[in-house]
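# Survey of secondary and tertiary structure
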There are 2 protein chains.
Amino acid sequence: MRRIAESTVRRLSIYLSFLEEIEERGVPTTSSDDLARLGGTTSAQVRKDLSFFGSFGKRGLGYSVPELSLRLREILGLGRQWKVAIVGAGKIGAALARYAGFAERGFMVIGVYDSDPSKIGSKSGGVIIKSMAELDRDVVAGKYDIAVLTVPAEAAQSIVDRLVKAGLKAILSFAPTQLSVPSDVTLRTVNMAMELEGLTFALTNRGNDK
Amino acid sequence: MRRIAESTVRRLSIYLSFLEEIEERGVPTTSSDDLARLGGTTSAQVRKDLSFFGSFGKRGLGYSVPELSLRLREILGLGRQWKVAIVGAGKIGAALARYAGFAERGFMVIGVYDSDPSKIGSKSGGVIIKSMAELDRDVVAGKYDIAVLTVPAEAAQSIVDRLVKAGLKAILSFAPTQLSVPSDVTLRTVNMAMELEGLTFALTNRGNDK
DNA sequence: TCTAACTTGTGAACTAATTCACAAGCCACG
DNA sequence: CGTGGCTTGTGAATTAGTTCACAAGTTAGA
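Keep in mind it's a predicted model, so treat the numbers as computed, not measured. (Residues numbered from 1 in each chain as written. Chains lettered and ligands numbered in written order. Predicted model: local features only at pLDDT ≥ 70, side-chain atom pairs only at ≥ 80, totals over all residues.)

## Some details on the sheet that holds strand 2 (residues 57-58) of chain A
Residue and element names in this part refer to chain A. A sheet is described by the order of its strands in space; here 3 strands give the open sequence 1-3-2, paired in antiparallel fashion. Among the strands making up the open sheet, the edge pair consists of strand 1 (29-30) and strand 2. In this structure, strand 1 lies alongside strand 3 (residues 62-64), joined through 2 bridges in antiparallel fashion. Within strand 3, the residue paired with Thr29 across the bridge is Ser64. (Pairing = 2+ DSSP bridges. Helix = DSSP H or I, 4+ residues; strand = E, 2+ residues; numbered from the N terminus.)

And the structure:
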């Protein structure tokens, strides 16, 4: 399989969410044109994205909604449950720990960890907060597939290093800082400041462009 | 000014955060090579990104840290305060309302709004929760530059439509759904499910690629 | 069975983004 | 004031991503 662009993977997620929506409504088939309209792209783009993984449609007819949605779930790795650790029991960590959207998609929040001794033992989102030392042990023991990082920027890189050392291969970070990981570890960063700056850039420079 | 790629704007944010860090430490100058190393890119990329906006460096010397950081703040529109409304007083909305990182960067959370009558009047992050009807009025009155949406997927598009109709030009959405806005409105979406699926895709397909 | 109306899958063309590579400028030092 | 060591800024080359355009397959209806 050749390397797949991140933009393609993001679009697959979008297509899947539509497919699940219309599958629920009992729609039997759909077309690249439908998916494009709903996902804000073009039908050629939809077909090209899918073509990296195989031929899932029928010419003249379109795509079977249940089949394509199953295939996309497989491609995206959603055919199983994923065990998630939340590292950092602050406001955002707590909000994520009890976010229902995770469970719906097969992401199970199994543990919440924090370095603040005064928090350890109390509950966040129905889960008891544990210490960072336990996090190391739990990761080494294979208890987690994914860690979600909601810690201050200063602490983030050293925690990432610990997680990587303990053998974790996927991290989603909300820390407002640039992190580095070895190439066999996948890292995604959501940086609110950066998103807002994208907006202010547009507000500030709108109209100056041609 | 020619159209600037979103990827360039994101990198400018990264460069700026480093510049602010080293400015605080009193470092007087830096180079495209430094910025590249810290930001996980190449020095040519850094110079190209900056070149869209002007020439800020000195050959043989590099960039003045205070000057470049000022310029980037100007480019990104951070030279002023931005008034932010949070729409949706759920867990995530509440976490964002009191997120200190916003204020540091000049984003002032002035109001929190929710459609649930039982929440209206109570406080979230030190701000009293107001009704959606008031949101319309406040936006029309020019009280806001930016809205941050933390509402369920089902409600998101209709709220976006209201905000757009009321004249708002910039929206940051955390709703897990695809939204559409007119071309004169800037929308950024943070979709946690999509980020996690990016990770599971990588975990599932790692090694299959060449 | 034939035709008309669709829709996919995919090379080819195009557009966008990144990287290369080097002339030009700057500083320090002798 | 000349030389050596750096570093920028930027066209050119390359690589990546998107869009075009059409052959080929499918269905429905006469």
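## Details of the interface of chain B and chain A
Where interface size is given, it is often the accessible area lost as the parts come together that is meant. With 50 residues of chain B at the contact, the number on the chain A side is 51 residues. Looking at the side of chain B that touches chain A, the elements that each hand over two or more residues are helix 1 (6-24), helix 2 (32-39), helix 5 (91-97), strand 9 (170-173), strand 10 (186-189) and helix 9 (192-205) of chain B. (Contact = placed C-beta atoms within 7 Å.)

## Things to note about the relation of the copies chain B and chain A
Here two copies of a chain appear, and what relates them is a rotation about an axis with a shift along it. For the pair chain B and chain A, the relating rotation is 180°, the translation along its axis is 0.0 Å, and the fit reaches an RMSD of 0.0 Å. Taken together, the rotation and translation relating the two chain copies correspond to the operation of a two-fold axis. (Least-squares fit on C-alpha atoms with pLDDT ≥ 70 in both.)

## Observations regarding the packing of helix 1 (residues 6-24) of chain A against helix 2 (residues 32-39) of chain A
Residues and elements named next belong to chain A. Closest axis-to-axis distance for the helix 1/helix 2 pair is 10 Å, and the angle between their directions is 105°. Between helix 1 and helix 2, the interaxial angle falls into the category roughly perpendicular. Across the interface between the two elements, Arg11, Ile14, Tyr15 and Phe18 from helix 1 touch Leu35, Leu38 and Gly39 from helix 2. Counted by class, the contact of helix 1 with helix 2 contains 5 nonpolar, 1 polar and 1 charged residues. (Axes fitted to C-alpha atoms, helices over the stretch in contact; angles between N-to-C directions. Parallel < 35°, antiparallel > 145°, perpendicular 65-115°, else oblique. Nonpolar A, V, L, I, M, F, W, Y, C, P; charged D, E, K, R; others polar.)

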